[in-house]
Amino acid sequence: HLNPEAALALGQFDIFPLIDSTNNAAANAIRDGRGWGYSCLAEQQTSGRGRRGREWQSPFGRNVYLSQVWEFQSGASALEGLSLSVGLAIVRAVSKFGVIGLGLKWPNDVLYENKKLAGILLEMQGDPAGVCQVIVGVGLNVDMNGADTDAISQPWTDLAQIVGAVDRNKLVAELMSSLHLVYKEFLAGGFAVHRDEWSRHDAFAGRDVKVQLGDTYIEGVVSGLDRSGGLVLMTAGGERVFNGGEVSLRSA
Ligand code: ATP
Ligand code: BTN
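Because the structure is a prediction, the values reported are computed rather than measured. (Residues numbered from 1 in each chain as written. Chains lettered and ligands numbered in written order. Predicted model: local features only at pLDDT ≥ 70, side-chain atom pairs only at ≥ 80, totals over all residues.)

Before going further, it helps to examine the site of ligand 1. Looking at ligand 1, there are 19 residues lining it, with G50, R51, R54, W156 and S248 nearest. Considering only residue class, the shell around ligand 1 consists of 4 nonpolar, 9 polar and 6 charged. (Near = placed C-beta within 6 Å. Nonpolar A, V, L, I, M, F, W, Y, C, P; charged D, E, K, R; others polar.)

In summary, the side chains of a regular strand alternate between the two faces of the sheet. Across 4 bridges, strand β5 (residues 109-112) lies against strand β6 (residues 115-126) in antiparallel orientation. Counted as the bridge partner of L111 is K116 from β6. Counting the residues in the hairpin turn of β5 and β6 gives 2 residues, including E113, whose phi is positive at 45°. Sheet analysis places β6 next to strand β7 (residues 132-140), joined by 9 bridges and oriented antiparallel. For I120, the partnering residue across the bridge sits in β7 and is V138. (Pairing = 2+ DSSP bridges. Helix = DSSP H or I, 4+ residues; strand = E, 2+ residues; numbered from the N terminus.)

Further remarks concern helix α5 (residues 168-189). The end-to-end C-alpha separation of α5 is 31 Å, in line with the 32 Å expected for 22 residues at 1.5 Å each. L175, S178, L179, V182, Y183 and F186 are the residues of α5 that are buried. On an axial view of α5, the arc spanned by its buried residues comes to 145°, and they lie on one face. The exposed residues of α5 that point more than 90 degrees off its buried face are N169, K170, A173 and A188. Buried positions along α5 lie against α1 (4-10), β3 (64-72), α3 (82-95) and β7. (Expected span 1.5 Å × (residues − 1). Buried ≥ 20, exposed ≤ 12 C-beta atoms within 10 Å, placed from the backbone. Arc of directions from axis to C-beta. Contact = placed C-beta atoms within 7 Å.)

It is worth spelling out α3 at this point. Given a rise of 1.5 Å per residue, 14 residues ought to cover 20 Å, and the 20 Å separating the end C-alpha atoms of α3 matches this to within 8%. Burial analysis of α3 places 12 of its 14 residues in the buried class, the great majority of the element. Among the residues of α3, those classed as buried are L82, S83, L84, S85, V86, G87, L88, A89, I90, V91, A93 and V94. Looking at the buried residues of α3, the elements they touch are β4 (102-105), β5, β6, β7, α5 and α6 (195-200).

Another aspect to go through is the environment of R168. Residue placement: R168 occurs in helix α5. On a C-alpha basis, the gap between R168 and G244 in space is 30 Å, while along the polypeptide they are 76 residues apart. Dropping the residues within four chain positions of it, R168 is found in contact with V64 and V142.

The next subject is the domain arrangement of the protein chain. With domains assigned, the protein chain is organised as domain 1 (4-200) and domain 2 (208-251). Listed by partner, the interface residues are 12 residues for domain 1 and 10 residues for domain 2. When residues of the side of domain 1 that touches domain 2 are traced back to their parent elements, those giving at least two are α3 and α6. When residues in the side of domain 1 that touches domain 2 are grouped by element, the largest group, 3 residues, is from α6. Of the residues in the side of domain 1 that touches domain 2, the class split is 6 nonpolar, 3 polar and 3 charged. (Domains from an automatic or database assignment.)

Here it is, written out as C-alpha cells:
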C-alpha cells in the first residue's frame, strides 16, 4: 500500500475542458482503481453541485473546479472536521494572493465580507468503519464574469472583485500544495491541529444564529468549535454541539 505522501506524488491528474462534475470524475477514478492521490481540474462543469444536490454555478474558463481523492484508514467518524480543515487549506492558499480577512463558515464555506468565495463538497466512499476514500471537491470563484449569477441564492464574490486579476496557474499550484499539507496534518492529528487557526477566521463566532436540522430551527450564539470540529452553540436550553452532515447555519 502506498503511503499518503507517495500517493499524492504519484497520483494521476486530469484537466477537463468540460465535464459534468469533477467530483464525478474523481468517483470514476476510484471505480477504475486509480483513486488514491487522484486530482482533476475542469474549465467548466455542466452539473457542478453543492450539498444536498444544490447547483454550483460553474461557468467556463475563469474559476477553479478541483477534486482530489484522499484515503483514510481511520473510519468515517474520525473525519468529522475534515471539511473545516479543507476550508483552512483554501484560506491559506488564497491569502498568498493579497486577500486579507477571509472568513470561514461552519461547516463548508469560505467567505469574504460575508459573501461566498469558495465552497467545499466532500463525498465519502468505502468502508465507514475502516478504509475510506474521500472525494474533496473545491469550487473557488476567481472571475465569475459570464456566470448566471441570478441563479445564486445568497451573496457571493470572486477574486476579481477583491484583488483584481489573479494568475490562475499559480493559484491552483498554491491550492494543491496547501491541500496536500492539510491532508498530511489531518492524518497526523485530525482537526484538533487546525482548530485554533480555523477559529481565527471564524466568521460566525459570537453571532446570533439559527441552525436548521431538517425542518426544525435552533437559535443560539456561536461559542466556537469542539476538538473534533462540532459547532458549539449556546442556546436558551444550554450548550449544544452540532456535527456537519445535514445541518445548515444561518444568521438569526
Ligand atoms: P448550507 O449552509 O446549508 O451548507 P450552503 O450555503 O453551504 O448551504 P450548499 O448547500 O452547499 O450551500 O449549496 C450551494 C449554495 O451556493 C447555493 O445557495 C447556491 O445558490 C450557491 N452557489 C452556487 N454557485 C455558486 C458560486 N459559484 N459561488 C457562490 N455561491 C454559489
Ligand atoms: C458548496 O456549495 O458550498 C459546495 C460547492 C462545491 C463545488 C465544487 S466545484 C468542484 C467540485 N465538483 C462539484 O460538482 N462540486 C465541487
